[in-house]
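# Structure at a glance
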Amino acid sequence: MSKVITMQDIERLSKESARVLYGSDSVDQPNNLAQSEPTMPSKNQMKDLNPNNLSSYTETDRINHRLMNALRIIKVQCDCDIPFLFRSEAASMAGIKGAATLIAAEKEALKANIIQVHNIALAKTKKLFWEILEQGYSLIKQEQPKWKSKGEYKHKLCVYRIAHTHNRHGYKTTIEYRRPNGKLVDLLSVKGEETIYTEICASYPIEKELINIEKNLSCEPMPTKMYLAVTDRKMKNPLNEAVHDFKKSFSLPCPVDVVLAGDLIGPLEETK
């Protein structure tokens, strides 16, 4: 028999959320509420902690625990210097252990409409990551940040993580580097005499990437290498073929390689 969600359940969820995220029972004043009594959430707080489909939940206590795990992951991701984390990275940093526990938290977060799940290709597999939605930021009382770099969330994740990886290998990077002809390159990486342009290819049609090649290589200064980093494995072969055909009519001054975006992204910390 399904359990009806009561106001007391919502109040308990509010207090449990505050304890997990802030170490106190208050959702308003995490820094100085240790000396005060827990208070009933306001109507606005109730709205924040009551997604539209909450009334359909059953097994409240277990569901609350799953949602709290999701909020812990979200909070860690928001507080990281590099907020574009893969799901496994964010879960590990949040202390969430076990695939079953992580998947249960993800299902609850999707049901509450606080995340969207994406993936990018690498090697012979793929990496999953969470995009935190407006409701998720609301639950942890943070403003949704704005990041430099055009494109959707997947595009931004690739740019920032590839830049981070290049930085760790001694490159100086510039996101949205403007060429003398006005063309913006997703990522410029420079080390000594080496200059790399990286364009993230996260959407169709692939023909627009040929325009990127032409504009990026139509004037000085020239890079020593250019990457077309695809986020979808299915894009790689068609884009490779298009680039091959493009070379027949346009002499390329440097190598242009089609690669999987995930293969350009290293771990946040070097393995010791």
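This write-up is about the structure you can find in this document. None of the values given here were measured: they were computed from a predicted structure. (Residues numbered from 1 in each chain as written. Predicted model: local features only at pLDDT ≥ 70, side-chain atom pairs only at ≥ 80, totals over all residues. Heavy atoms only, no water.)

### What to know about the overall build of the protein
A count of helices and strands for the protein gives 9 helices and 7 strands. Among the 272 residues that make up the protein, the fraction classed as buried is 48%. In the protein, the share of contacts with a sequence separation of at least 24, taken over all contacts with a separation of at least 6, comes to 64%. Split by element, the accessible area of the protein, about 14600 Å² in all, is 50% carbon and sulfur. (Helix = DSSP H or I, 4+ residues; strand = E, 2+ residues; numbered from the N terminus. Buried < 20%, exposed > 50% of the residue type's maximum accessible area, 1.4 Å probe, protein only. Contact = heavy atoms within 4.5 Å. Areas by Shrake-Rupley, 256 points an atom, 1.4 Å probe, with all protein chains shown as cover.)

### Brief notes about helix α5 (residues 99–111)
With 13 residues, α5 should cover 18 Å at 1.5 Å per step; its first-to-last C-alpha distance of 18 Å lies within 8% of that length. Downstream of α5 by one or two residues, N113 has phi in the positive range, about 60°. (Expected span 1.5 Å × (residues − 1).)

### Things to note about the packing of helix α8 (residues 207–216) against helix α9 (residues 233–247)
Interhelical geometry of α8 versus α9 gives an angle of 45° and a closest axis separation of 10 Å. Taken together, the axes of α8 and α9 are oblique relative to one another. Relative to α9, α8 is oriented so that their crossing is right-handed. Facing α8, whose interface residues are E209, L210, I213 and E214, α9 presents L239, A242, V243 and F246. (Axes fitted to C-alpha atoms, helices over the stretch in contact; angles between N-to-C directions. Parallel < 35°, antiparallel > 145°, perpendicular 65-115°, else oblique. Left-handed = near helix turned anticlockwise from the far one by under 90°.)

### Some remarks on the sheet that holds strand β4 (residues 184–191)
Within a beta sheet, neighbouring strands are joined by backbone hydrogen bonds and run either parallel or antiparallel to one another. Read from one edge to the other, the open sheet built from 5 strands follows the order β3-β4-β5-β6-β7, with strand pairing classed as mixed. Each edge of the open sheet is held by one strand with a lone partner, namely β3 (172–178) and β7 (256–260). With strand direction ignored, the average angle separating the axes of adjacent strands in the sheet is 25°. The sheet strands contacting α8 are β4, β5 (194–201), β6 (225–230) and β7, and the helix crosses β5 at an angle near 155°. Across the sheet, α9 lies against β5, β6 and β7, angled at about 170° from β7, the strand it touches most. (Pairing = 2+ DSSP bridges.)

### A few points about the nonpolar core
Formed by 27 residues in total, the largest nonpolar core has its most connected members in I73, I74, I114 and W130. Breaking this core down by element, the ones donating at least two residues are α3 (60–79), α4 (87–93), α5, β2 (125–132) and α6 (134–139). Ranked by residues supplied to this core, first place goes to α3 with 8 residues. Apart from residues no more than four positions distant in its own chain, I74 is found in contact with I114, I115, W130, I132 and I140. In this structure, Y197, I206, L228 and V258 belong to the second largest nonpolar core, which totals 24 residues. (Core = buried A, V, L, I, M, F, W, Y, C linked by side-chain atoms within 4.5 Å.)

### A word on the side chain of E209
Its place among the elements puts E209 in helix α8. With near-sequence residues (within four places) excluded, E209 lies in contact with I200, C201, S203 and L239.

### Focus on the environment of K225
Relative to the helices and strands, K225 resides in strand β6. On a C-alpha basis, the gap between K225 and Y197 in space is 6.5 Å, while along the polypeptide they are 28 residues apart. Excluding its chain neighbours within four sequence positions, the residues that come into contact with K225 are T195, I196, Y197, C254, P255 and D257. A distance of 3.4 Å separates polar atoms of two side chains, one belonging to K225 and the other to Y227. (Polar contact = N/O pair within 3.5 Å; in protein donor to acceptor, adjacent residues only side chain to side chain.)

### Observations regarding the packing of aromatic side chains
All chains considered together, the criterion is met by 8 aromatic pairs. With 5.1 Å between their ring centres and 25° between their planes, F246 and F250 make a pair best called stacked. In this structure, F246 and F250 share a single accessibility class: buried. An aromatic cluster of three or more residues is present, and its members are F84, F86, F129, W147, Y153 and Y160. Taking NZ or CZ as reference, K191 lies 4.5 Å from the ring centre of Y171, over its face. (Phe/Tyr/Trp six-rings, centres within 6.5 Å; stacked < 30°, edge-to-face > 60°. Lys NZ or Arg CZ within 6 Å of the ring centre and 35° of its normal.)

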